[in-house]
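# Coordinate inspection notes
Listed below, chain by chain, are the residues.
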Number of protein chains: 2
Amino acid sequence: MTTAVTKFSRQRESIKEYLMNTKEHPTADAIYAKVRETFPNISLGTVYRNLHFLVEHGEIIKLSCMDGSDHFDADLSPHHHFVCKCCSRILDLDMEPIEHINTLANAHFKGRIEGNVTYFYGICEECSLAAEHDTPNGQE
Amino acid sequence: MTTAVTKFSRQRESIKEYLMNTKEHPTADAIYAKVRETFPNISLGTVYRNLHFLVEHGEIIKLSCMDGSDHFDADLSPHHHFVCKCCSRILDLDMEPIEHINTLANAHFKGRIEGNVTYFYGICEECSLAAEHDTPNGQE
DNA sequence: CTAATAACAATAATTATTACTATATTTACA
DNA sequence: TGTAAATATAGTAATAATTATTGTTATTAG
């Protein structure tokens, strides 16, 4: 039994590169649509397989939303996310770390708390403005 | 057109009653299995419809886990949850509220933050103990 | 009791994701 | 370089979870 070696793949590089150069937090489907511009016949399975690979190897992060959708992010710096209830976009938050809440959680807990997953939600700026101008969902 | 009135339903009551009397945080499937003991031919669709109904009407809460599974909870008091990486159970945490993190998040944010969803994760007490006794997953 | 309407069971359809397999790429090394 | 071994891919099929549809049953108001 030889140790499996990871080989280079243009498709995987393309996925990674797209994620590193966008501020969006796209879903597997959106990534598929984007990478298809470069590799017109890449398959959705390849996208999913590589996303899993990249998550497993700590090269990207998977964000699981309240609504059940998964989004991906190549920004590995510790930061928090905001989910707009209106347009469902995920935005980065510029805020102080909140790791101290783990200590609060541990106070009366018997097991071991290793960390937390936190999402903030509400209405993003664009959707607020759109609402004022009678454009309910940020749709043009 | 008369105003739609919500009629009584034994099935819905049964779902609600089960949720109110358990400390577990069951999934739709687990609820289906349980309620079927009372209503052998209730359909899964009915379970899903009623769970949505109850969530919509604020009678129960939906917990969307990192792993994509949805769990339900009839305990409406403000409290936080712990997800065990080992056995995937959800446990209630006895801790101080952490609403102040919304203020931190709002500091440099243009939109409106309405709240946050936070899950703590780690290894629960039972799984830790099981590991010590060579019973990896808490399975008997 | 009866009509109107809501809730039901059963099933079909949809969506997101994963598994499979033959072919194509990549890598190591002659 | 050229070639063989190993891994990755495209395309397709399969699965799982959820949502929608349809005809039937239960509940309620009059």
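Note: the structure precedes this text.
Quick caveat: nothing in here was measured; it's all calculated off a predicted structure.

## Quick word on the overall build of chain A
Within chain A one finds five helices and five strands. Each helix (α) and strand (β) of chain A, taken in turn from the N terminus, gives the series α-α-α-β-β-β-β-α-β-α. At 18 Å, chain A has a C-alpha radius of gyration far larger than the 14 Å of a compact globule built from 140 residues. Going through the 140 residues of chain A one by one, you find that 41% of them count as buried. Of the roughly 8600 Å² of accessible surface on chain A, 51% is carried by carbon and sulfur atoms. Both charge centroids of chain A, one from 13 positive and one from 21 negative side chains, sit 11 Å from each other.

## A look at the interface of chain A and chain B
Counting residues at the interface gives 34 residues for chain A and 35 residues for chain B. Summing both partners gives a buried area of about 3100 Å² for chain A against chain B, and 62% of it is carried by carbon and sulfur. Considering only the surface of chain A that becomes buried against chain B, Leu-104, Val-117 and Tyr-121 of chain A emerge as the three largest contributors, covering 17% of it. Linking Glu-114 of chain A and Lys-85 of chain B is a salt bridge whose minimum nitrogen-to-oxygen distance equals 2.7 Å.

## Thoughts on the packing of aromatic side chains
Going through the model one piece at a time under the given rule, you end up with two aromatic pairs over all chains. An angle of 45° between the planes, with centres 4.4 Å apart, marks the rings of Phe-82 of chain A and Phe-109 of chain B as tilted. Within this pair, whereas Phe-82 of chain A is found in strand S3 (residues 80-84), its partner Phe-109 of chain B is found in the loop between helix H4 (100-106) and strand S5 (112-123), the two belonging to separate chains. For the residue pair Phe-82 of chain A and Phe-109 of chain B, the accessibility class agrees, reading buried in each case.

## Topic: the protein's contact with DNA strand C
Around DNA strand C, 21 residues are found, and the nearest of them are Tyr-48 and His-52 of chain A together with Ser-9, Ile-42 and Thr-46 of chain B. For DNA strand C, the backbone makes up 81% of the atoms found within 4 Å of the protein, where backbone means sugar plus phosphate. Contacts to DNA strand C include Ser-43 of chain B, whose backbone N or O atom sits 3.3 Å from a phosphate oxygen. The contact in question runs from a phosphate oxygen of DNA strand C to an N or O atom on the side chain of Thr-46 of chain B, over 2.4 Å.

## Quick notes on the nonpolar core
Burial of nonpolar side chains together is a common tendency in soluble globular proteins. By size, the foremost hydrophobic cluster in this structure holds 26 residues, and its most contacted members are Phe-82, Leu-93 and Phe-120 of chain A together with Phe-82, Leu-93 and Phe-120 of chain B. Those residues in contact with Leu-93 of chain B, other than ones at most four positions away along the chain, are Ala-105, Phe-109 and Ile-113 of chain A together with His-79, His-80, His-81, Phe-82 and Phe-120 of chain B.

## What to know about the protein's contact with DNA strand D
Within the structure, DNA strand D sits among 19 residues, and Lys-7, Ser-9 and Arg-49 of chain A together with Tyr-48 and His-52 of chain B are positioned closest to it. Residue Val-5 of chain A places a main-chain N or O atom 3.5 Å away from a sugar or linking oxygen belonging to DNA strand D. Between Thr-46 of chain A and DNA strand D, the recorded distance is 2.5 Å, taken from a side-chain N or O atom to a phosphate oxygen. Looking at the surface near DNA strand D, the elements that each hand over two or more residues are helix H3 (44-56) of chain A together with helix H3 (44-56) of chain B.

## A short note on H3 of chain B
Residues and elements named next belong to chain B. The end-to-end C-alpha separation of H3 is 18 Å, in line with the 18 Å expected for 13 residues at 1.5 Å each. If you check which residues of H3 are buried, you get Thr-46, Val-47, Asn-50, Leu-51, Phe-53 and Leu-54. Projected onto a plane normal to the axis of H3, the buried residues spread over an arc of 160° and lie on a single side. For H3, the elements touching its buried residues are helix H1 (10-20), helix H2 (28-35) and strand S2 (70-73). Note on H3: the residue one or two positions beyond its end, Gly-58, has a positive phi of about 65°.

## Section: the packing of helix H1 (residues 10-20) of chain A against H3 of chain A
All names here are of chain A. Packing of H1 against H3 brings their axes to within 10 Å, and their N-to-C directions diverge by 65°. On the basis of their axis angle, the class for H1 and H3 is roughly perpendicular. When you trace H1 past H3, the crossing you get is right-handed. Contact residues: H1 offers Gln-11, Arg-12, Ile-15, Lys-16 and Leu-19, while H3 offers Thr-46, Val-47, Asn-50, Leu-51, Phe-53 and Leu-54. Residue composition of the contact of H1 with H3, by class: six nonpolar, three polar and two charged.

The rules we used
Residues numbered from 1 in each chain as written. Chains lettered and ligands numbered in written order. Predicted model: local features only at pLDDT ≥ 70, side-chain atom pairs only at ≥ 80, totals over all residues. Heavy atoms only, no water. Helix = DSSP H or I, 4+ residues; strand = E, 2+ residues; numbered from the N terminus. Rg over C-alpha atoms; globule rule 2.2 N^0.38 Å. Buried < 20%, exposed > 50% of the residue type's maximum accessible area, 1.4 Å probe, protein only. Areas by Shrake-Rupley, 256 points an atom, 1.4 Å probe, with all protein chains shown as cover. Lys, Arg positive; Asp, Glu negative; His and termini not counted. Charge placed at Lys NZ, Arg CZ, Asp CG, Glu CD. Contact = heavy atoms within 4.5 Å. Buried area = accessible area lost by both parts, 1.4 Å probe. Salt bridge = Lys/Arg side-chain N within 4 Å of Asp/Glu carboxyl O. Phe/Tyr/Trp six-rings, centres within 6.5 Å; stacked < 30°, edge-to-face > 60°. Near = heavy atom within 4 Å. Polar contact = N/O pair within 3.5 Å; in protein donor to acceptor, adjacent residues only side chain to side chain. Core = buried A, V, L, I, M, F, W, Y, C linked by side-chain atoms within 4.5 Å. Expected span 1.5 Å × (residues − 1). Arc of directions from axis to C-beta. Axes fitted to C-alpha atoms, helices over the stretch in contact; angles between N-to-C directions. Parallel < 35°, antiparallel > 145°, perpendicular 65-115°, else oblique. Left-handed = near helix turned anticlockwise from the far one by under 90°. Nonpolar A, V, L, I, M, F, W, Y, C, P; charged D, E, K, R; others polar.

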